[in-house]
Amino acid sequence: MPGNGNDPDAATDRITFSERDAWKFPPGTVFVQHFDLPTADGKSFRPIETRVLVRHTGEGVYGVSYRWNEAGDDASLVTKPELVTVSAGDSNGIDERKWQFFDRQSCLACHNANAGFILGVNARQLNGGDPHGGQLSELRRANYFRNTLSENQLRQIDALVAPDDADASLAARARSYLDVNCSACHREGGARSNFFAEFHRTADETALATKPMQSDFGIRLAQVVVRGDPFRSVLYYRMAKLGQGRMPFIGAHDLDREGLDLIRDWIETMRPVSKPEHARPQWQDEAIAQLMTNSVASDQTSELIRSLLADTRGAFALWQAVYDDAISTAAQEEAIALALSHESPHVRDLFEWFVDPRQRTSRLGINFDPHVVLQHEGDPVAGRKLYENAELLSCKSCHDTPPGQPLIGPSIRGIGQKLDRAELLLHIMQPSVRIAPEYTIWKVETMRGRAHCGLLVSQSDEEVVLREGAGQEHSIQRNAIDVKSKKPQSLMPENLLQGLTPVEAADLLAYLESLE
């Protein structure tokens, strides 16, 4: 951090502390994140990447990343995103894994205004559960905070725990995992969702038992979390699937087995809802139990597998049995083959994990070359089906809302007369390249450190009203506002096409181009 903590203007060299919201750091603050991987012998480490994030003058940050060479004695600036295969050693030998390098622009996908720009450096992560305050106390004693804080205040703050902390409760471990991995987007003013992942938000299980805003993926009576039933819980499904709608949608290229087990166990132990219609489908559980005995005749095995694949919930339960290696090899192979040829993409996207990565569906991913899409003519009829399918894309939820509901983004009517295919693709890939004034994002920070981002609905001498990404409106009293500023980013997120194939993206463009 700049300065020595003695500047008369505390804003120039000290942190504005908040118990639950993002901290405010003075311009010139530098954050460094360094990654090492174990070498082949598993006894030493080699550097692979160093990331640097700088809080610049004005509001905001910029980030750069450096990729280390094999010798580990020099690093080069990353100028374009790249997914590579790297080798790492452990006690079992050499392990190959995917590593995603991000360029400067990609950093801003997560380090944005809604997330407070700085991720991870906050009260609950630095608390660490230390009864003496830990890192927070050290920062307080070293005069890093503008605020006047007591040791007793610091002891009352939530503390995140590690996913494998044997001394912590299952709920605390799961909620900490969600906070660290999801809350950058899933917070007020963030993702267009009714799921908030901050630690204090997930304490109330009933708040998680809500209908998903974007898609139910064909799961009957789906909720973000269905207490006692992970296979009807969209939160768990999104973590387990491939393709459009997978979470997290940036940087995740493999299944996080430990994370999946943690969230599944947490949901399983929740007290189920007593309503009969929300009860777990007993026949599906019994079908899985039969397959797990490994003593079922082959024709009956086929019948059980086909019945489970008839809906997403049953397919998900079957996926779990395959993933856990809980059924015979023959049953696993038959389940995978039937699922991959299934008519429902919600089923196929689950089981594609079991396919050799080189043979999986080729999807666009992030920061793709526009030519891979533009070289295809596209089918407007297929594109319209994609556009209207809320389970694959969320275009309609912002650009084509039902009567009586306000638009979150510009109407697409007549868009084909205004933009050609290449321009349409550019605006989807880079939604902030040009923003209509009425869809400019405003950020309002209150005296108490709360931040709200959204479209400006109205303002007066008494209040400012913002409409956030999920459509909710927030009224902030004028006398409670500390800072009100415009943001250069669009409310429309980047990487919306990453789960589509090049042909599917071309179909979508063809449909938009046909709207005259």
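Residues numbered from 1 in each chain as written. Predicted model: local features only at pLDDT ≥ 70, side-chain atom pairs only at ≥ 80, totals over all residues. Heavy atoms only, no water.

Here we take up the pattern of salt bridges. Should the charged atoms of two oppositely charged side chains come close, the side chains can pair. Overall, the coordinates contain 22 salt bridges when judged by the stated rule. A salt bridge links Asp13 to Arg14, with the nearest nitrogen and oxygen atoms 3.0 Å apart. Residue classification places Asp13 among the buried positions, given a relative accessible area of 5%. Notably, a salt bridge pairs Arg140 with Glu151, separated by 3.0 Å at the nearest N-O pair. (Salt bridge = Lys/Arg side-chain N within 4 Å of Asp/Glu carboxyl O. Buried < 20%, exposed > 50% of the residue type's maximum accessible area, 1.4 Å probe, protein only.)

This paragraph deals with the environment of Cys185. With respect to the secondary-structure elements, Cys185 resides in the loop between α5 (170–182) and α6 (205–208). Sequence separation between Cys185 and Phe196 is eleven residues; the distance between their C-alpha atoms is 8.5 Å. (Helix = DSSP H or I, 4+ residues; strand = E, 2+ residues; numbered from the N terminus.)

Moving on: unusual backbone geometry. Glycine aside, a negative phi is what most residues show, and trans is what most peptide bonds show. A cis amide bond, omega -5 degrees, links Met247 with the succeeding residue Pro248. Positive phi values are uncommon outside glycine, yet Asp325 reaches one of about 55 degrees. Structurally, Asp325 is set in the loop between α11 (312–323) and α12 (329–340). Its relative accessible area of 55% is what places Asp325 among the exposed residues.

This paragraph deals with the packing of aromatic side chains. The description of an aromatic ring pair rests on the distance of the ring centres and on the angle between the ring planes. Tallied over the entire structure, the rule returns 16 aromatic pairs. Taken together, the ring pairs connect Phe217, Phe231, Tyr236, Tyr237, Phe316, Trp319, Tyr323, Phe351 and Phe354 into an aromatic cluster. Over the ring of Phe199 we find Arg175; its NZ or CZ atom is 3.9 Å from the centre of that ring. Over the face of the ring belonging to Trp442 we find Lys484, whose NZ or CZ atom lies 3.9 Å from the ring centre. (Phe/Tyr/Trp six-rings, centres within 6.5 Å; stacked < 30°, edge-to-face > 60°. Lys NZ or Arg CZ within 6 Å of the ring centre and 35° of its normal.)

Strand order in the open sheet formed by four strands is β1-β2-β3-β4, with antiparallel pairing between adjacent strands. In this open sheet, the two strands that pair with only one neighbour each are β1 (30–38) and β4 (75–77). Along the sheet, successive strands turn relative to each other by an average axial angle of 25 degrees, direction set aside. (Pairing = 2+ DSSP bridges. Axes fitted to C-alpha atoms, helices over the stretch in contact; angles between N-to-C directions.)

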